[in-house]
Amino acid sequence: MTLLEIVNVEARYGDLNALFGVSLQISAGEVRSVIGANGAGKSTLLKVIAGTMPATQGSIKFNGHDIKGLSADKRVRAGISLVPEGRRIFPSLTVEENLKVGAYSKRKGHWDLNTIKALYPLLADRWDRIGFHCSGGELQMLSIGRALMANPEILLIDEASLGLAPVVVAQVYESLSQITSQGTAVLIVEQDMRQALKASTYSSVLLEGRVVLEGKSAELNENAIHKAYFGMGDR
Ligand code: ATP
């Protein structure tokens, strides 16, 4: 069943068009990836889905309903949670307090403080540490955990692996299968194409605001992806 469907979406910063006619679909419980270099429009795409930035054209449907006019807050309540780039948590609050903030939408579901502890044992060991003193990996897990506390139907993750040690990246990616096993879909946007392809069933390559290649992750040709990613193919 299609959970999220975006069709011909455009978005702009003033005179700069950052997305041109982007379309994609995500099914319930699926991991979907969008890969692209710096400035390709990945964060913009997630902001448009989460409602923190308006789409200037196109349609965004969630569970069959048009959500283009909904505020970001209402989209969280509808079941869309964003893990923003830069892991913006509250530095003066503890791990536990940060997680509790994520539950403000009061959506019911599998995720609560105990299930997040089980998902990320590292966080369980840092329960009373304030955000300011958390490592990059801890912050990423905390940021994902906080978004999960809203019990989303779809989790949007902006640059899951950026700046993290490979062992932490592996832990974060391993957690995705536990998240989808609860029925939550995950949309990851990444510069790290290898990780994203491995984790997802379907991928799109974004270049300068346009989808230039897409397909089943396992079937995409590595050479074609490289060309699309760096804009060396036919356009
Ligand atoms: P990164 O990995 O660097 O975050 P990205 O693929 O997420 O890259 P976006 O952040 O979505 O890319 O940026 C897409 C385009 O929009 C880029 O040309 C960028 O310079 C521009 N842009 C992004 N944010 C703003 C902003 N606040 N004001 C103006 N232009 C912006």
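Structure: see above.
Looking now at the layout of surface pockets. Quantified by volume, the largest pocket comes out at close to 360 Å³. The class makeup of the residues in the lining of the largest pocket is 11 nonpolar, 4 polar and 3 charged. Reported here for the second largest pocket is a volume of approximately 210 Å³. Lining of the second largest pocket is provided by 17 residues; of these, Gly39, Ala40, Gly41, Lys42 and Thr44 occupy positions nearest its centre. If you list the elements that add at least two residues to the lining of the second largest pocket, you get strand S2 (16-27) and helix H1 (42-50). Broken down by class, the residue content of the lining of the second largest pocket amounts to 5 nonpolar, 8 polar and 4 charged.

All right, on to the environment of Arg75 then. Mapping Arg75 onto the fold places it in helix H2 (residues 72-78). Relative accessible area serves as the criterion here: at 3%, Arg75 is assigned to the buried category. It is 9.7 Å that separates the C-alpha atoms of Arg75 and Thr52, two residues lying 23 residues apart in sequence. Once residues within four sequence positions are removed from consideration, Arg75 is found in contact with Val48, Ile49, Ala50, Gly51, Ile60, Ile67, Lys68, Leu70 and Ile80.

Taken together, 4 strands build an open sheet; the order of strands is S2-S1-S4-S5 and the sheet is antiparallel. The two strands at the open ends of the sheet, each matched to only one other strand, are S2 and strand S5 (65-66). Across 2 bridges, strand S4 (residues 57-62) lies against S5 in antiparallel orientation. Along S5, the bridge assignment pairs Phe62 with His65. Where H1 meets the sheet, its contacts fall on strand S1 (2-13), S2 and S4, and the angle it forms with S1 comes to roughly 115°.

Taken together, 14 residues are adjacent to the ligand, and Asn38, Gly39, Lys42, Ser43 and Thr44 come closest. Residue Gly39 places a main-chain N or O atom 2.7 Å away from an oxygen atom belonging to the ligand. A distance of 3.2 Å separates an oxygen atom of the ligand from a polar atom in the side chain of Glu85. Summarising the interface, the protein chains cover 63% of the accessible area of the ligand, which totals 630 Å² for the free molecule. The site holding the ligand turns out to be the second largest pocket. Looking at the shell around the ligand, the elements that each hand over two or more residues are S2 and H1. For the shell around the ligand, the leading source of residues is H1, giving 3 residues. Considered class by class, the residues forming the shell around the ligand number 5 nonpolar, 6 polar and 3 charged.

On to unusual backbone geometry. The residue Asn63 is not glycine, and still its phi comes out positive at about 50°. The residue Asn63 is located in the loop between S4 and S5 in this model. You can call Asn63 partly exposed: its relative accessible area is 29%.

As a further point, take helix H9 (residues 222-230). Listing the buried residues of H9 in full gives Ile225, Ala228 and Tyr229. Along the axis of H9, the buried positions cluster into a sector of 100°, meaning they face one direction only. At its buried positions, H9 is contacted by strand S3 (31-35), helix H8 (193-199), strand S9 (202-207) and strand S10 (210-216). Capping of H9 at its N-terminal end is provided by Asn221; its side-chain oxygen lies 2.8 Å from the backbone amide nitrogen of Asn223. Just downstream of H9 lies Gly231, where phi reads positive at about 70°.

Definitions and cut-offs
Residues numbered from 1 in each chain as written. Predicted model: local features only at pLDDT ≥ 70, side-chain atom pairs only at ≥ 80, totals over all residues. Heavy atoms only, no water. 1 Å grid on protein atoms, 1.4 Å probe; cavity = no way out; pocket = protein on both sides within 12 Å on 5 of 7 lines; lining within 4 Å. Points joined across faces, edges and corners; volume = space filled by probe spheres on them. Nonpolar A, V, L, I, M, F, W, Y, C, P; charged D, E, K, R; others polar. Helix = DSSP H or I, 4+ residues; strand = E, 2+ residues; numbered from the N terminus. Buried < 20%, exposed > 50% of the residue type's maximum accessible area, 1.4 Å probe, protein only. Contact = heavy atoms within 4.5 Å. Pairing = 2+ DSSP bridges. Axes fitted to C-alpha atoms, helices over the stretch in contact; angles between N-to-C directions. Near = heavy atom within 4 Å. Polar contact = N/O pair within 3.5 Å; in protein donor to acceptor, adjacent residues only side chain to side chain. Areas by Shrake-Rupley, 256 points an atom, 1.4 Å probe, with all protein chains shown as cover. Sits in = over half its atoms within 2 Å of the grid points. Arc of directions from axis to C-beta.

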